[in-house]
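# Coordinate analysis (summary)
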Amino acid sequence: MKVKNLLAGAAIALASLPLLAQQPPANGPHPKSQKEIEALQKVQAAQQAKDWDGELTAINAVFENFADTEFKPQLYSMAMAAAQQKNDYVQVTTWGERAIQADPKNIEARVTLAESIAQHTRENDLDKADSIKKVHDYANQALG
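A few points on the structure. Note that residues are indexed from 1 along each chain, following the sequence as it is written. Local features in this predicted model are restricted to residues of pLDDT 70 or higher, and side-chain atom pairs are both shown and tallied only at a pLDDT of 80 or more, whereas totals for entire chains, interfaces and linings draw on every residue. Remark: hydrogens and water are excluded; side-chain values derive from all non-hydrogen atoms of the structure.

### What about the packing of helix 3 (residues 52-65) against helix 4 (residues 72-85)?
When two helices pack together, their arrangement is captured by the angle between the axes and the distance separating the axes. For helices, the fitted axis covers only the stretch in contact; all axes are lines through C-alpha atoms, and the angles between them, taken along N-to-C directions, range from 0 to 180 degrees. Secondary structure elements follow DSSP: runs of H or I of four or more residues count as helices, runs of E of two or more count as strands, with numbering from the N terminus. Axis separation between helix 3 and helix 4 bottoms out at 9 Å; the angle between their running directions is 155°. The orientation of helix 3 relative to helix 4 falls into the category roughly antiparallel. At the point where helix 3 passes helix 4, the crossing takes the left-handed sense. Only Lys72, Leu75, Tyr76, Met78, Ala79, Ala82, Ala83 and Gln85 of helix 4 make contact with helix 3, whose side of the interface consists of Trp52, Glu55, Leu56, Ile59, Val62 and Phe63. Its residues assigned to classes, the contact of helix 3 with helix 4 comprises 11 nonpolar, one polar and two charged. Each angle is binned into one of four classes, with values under 35 degrees roughly parallel, values over 145 roughly antiparallel, values of 65 to 115 roughly perpendicular, and all other values oblique. For a crossing to be left-handed, the near helix must be turned anticlockwise from the far one by less than a right angle; the clockwise case is right-handed. For this analysis, residues touch if any pair of their heavy atoms sits within 4.5 Å. Classification convention: Asp, Glu, Lys, Arg as charged; Ala, Val, Leu, Ile, Met, Phe, Trp, Tyr, Cys, Pro as nonpolar; all other residues, Gly among them, as polar.

Take a look at the structure:
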């Protein structure tokens, strides 16, 4: 019950934040080549088509071909969201942790990880205490 209350609080906090994505900063990330633009367009096309597997494949292709892309934080978050749409807990966790490494202030990734871990923690799990601690940590960090 505490986990659900914590997640609800985190969700309310997120809803109260201004939508930063509406106005990208002028000095924000930029593609470095036409090929990177094309690779990013493939990610966007797969996302718009709700082709979650295609989106993850396209994101992986960007990372393989453009290791120094300035879009890492956004791509990690997109991959986490696509994995969540697929209901793939392992990928949600992997991409979410990468998103936090790329952007330690990524509130969305922290809330998503807290929610996903809470949903996949069962009464008889041997690591239940560790999972609950992770949920609390991610949720509190999202609120803080």
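### A few points about the nonpolar core
Buried together is how nonpolar side chains tend to be arranged in soluble globular proteins. Put simply, a nonpolar core is a bunch of buried Ala, Val, Leu, Ile, Met, Phe, Trp, Tyr and Cys residues held in one set by side-chain atoms that sit within 4.5 Å of each other. Each residue is placed in one exposure class: buried if its accessible area under a 1.4 Å probe, protein chains only, is under 20% of its type's maximum, exposed if it is over 50%, and partly exposed if it falls in between. Core analysis: the biggest nonpolar cluster contains 27 residues, and Val43, Ile59, Val62, Phe63, Leu75, Trp95 and Tyr138 have the highest contact counts within it. Of all elements in the fold, only helix 2 (34-48), helix 3, helix 4, helix 5 (89-102), helix 6 (107-120) and helix 7 (128-143) reach the threshold of two or more residues within this core.

### A short note on the pattern of salt bridges
If the charged atoms of two oppositely charged side chains come close together, the side chains can form a pair. For salt bridges, the criterion is a side-chain nitrogen of Lys or Arg within 4 Å of an Asp or Glu carboxyl oxygen. One pass over the full model with this rule turns up four salt bridges. The partner of Asp53 in a salt bridge is Lys86, and the shortest N-O contact between them spans 2.6 Å. Taken together, the residues Asp53 in helix 3 and Lys86 in the loop between helix 4 and helix 5 connect sequence positions 33 residues apart. What makes Asp53 partly exposed here is its relative accessible area of 47%. By relative accessible area, Lys86 is classed as partly exposed at 30%. Residues Glu123 and Lys128 are paired through a salt bridge, measuring 3.1 Å at the closest nitrogen-oxygen approach.

### Concerning helix 5
With 14 residues, helix 5 should cover 20 Å at 1.5 Å per step; its first-to-last C-alpha distance of 20 Å lies within 8% of that length. Among all positions of helix 5, only Val92, Thr93, Trp95, Gly96, Ala99 and Ile100 are buried. The span you would expect from a helix comes to 1.5 Å times its residue count less one.

### Quick word on the side chain of Arg110
On the secondary structure map, Arg110 appears in helix 6. Charged residues are defined narrowly, with Lys and Arg counted positive, Asp and Glu counted negative, and His plus the chain ends left uncounted. The side chain of Arg110 is buried and forms no salt bridge, while Asp103, the nearest opposite charge, is found at 7.8 Å. Pairing of N or O atoms within 3.5 Å defines a polar contact, subject to two protein rules: one partner must be a possible hydrogen donor and the other a possible acceptor, and residues neighboring in sequence count only if both atoms are side-chain atoms. A distance of 2.4 Å separates polar atoms of two side chains, one belonging to Arg110 and the other to Gln141. Among all residues touching Arg110, those that are not within four sequence positions of it are Ile100, Pro104, Tyr138, Gln141 and Ala142.

### Re the side chain of Thr69
Locating Thr69 in the fold gives a position in the loop between helix 3 and helix 4. A relative accessible area of 5% places Thr69 in the buried class. Within the structure, Thr69 has its side chain in polar contact with the side chain of Glu36 (distance 2.6 Å). A polar contact of 3.2 Å, which involves the side chain of Thr69, links it to the backbone nitrogen of Phe71. Dropping the residues within four chain positions of it, Thr69 is found in contact with Glu36, Val62, Phe63 and Leu75.

### Section: the packing of aromatic side chains
Any Phe, Tyr or Trp ring, taking Trp's six-membered ring, that has another such ring centre within 6.5 Å forms a pair; planes under 30 degrees apart are called stacked, those over 60 apart edge-to-face, and the others tilted. Throughout the structure, instances matching the rule amount to three aromatic pairs. Geometrically, the ring pair formed by Phe63 and Tyr76 is stacked, given 4.7 Å between the ring centres and 25° between the ring planes. Within this pair, whereas Phe63 is found in helix 3, its partner Tyr76 is found in helix 4, the two being separated by 13 residues in sequence. We classify Phe63 as buried; its relative accessible area is 15%. Owing to a relative accessible area of 14%, Tyr76 belongs among the buried residues under this scheme.

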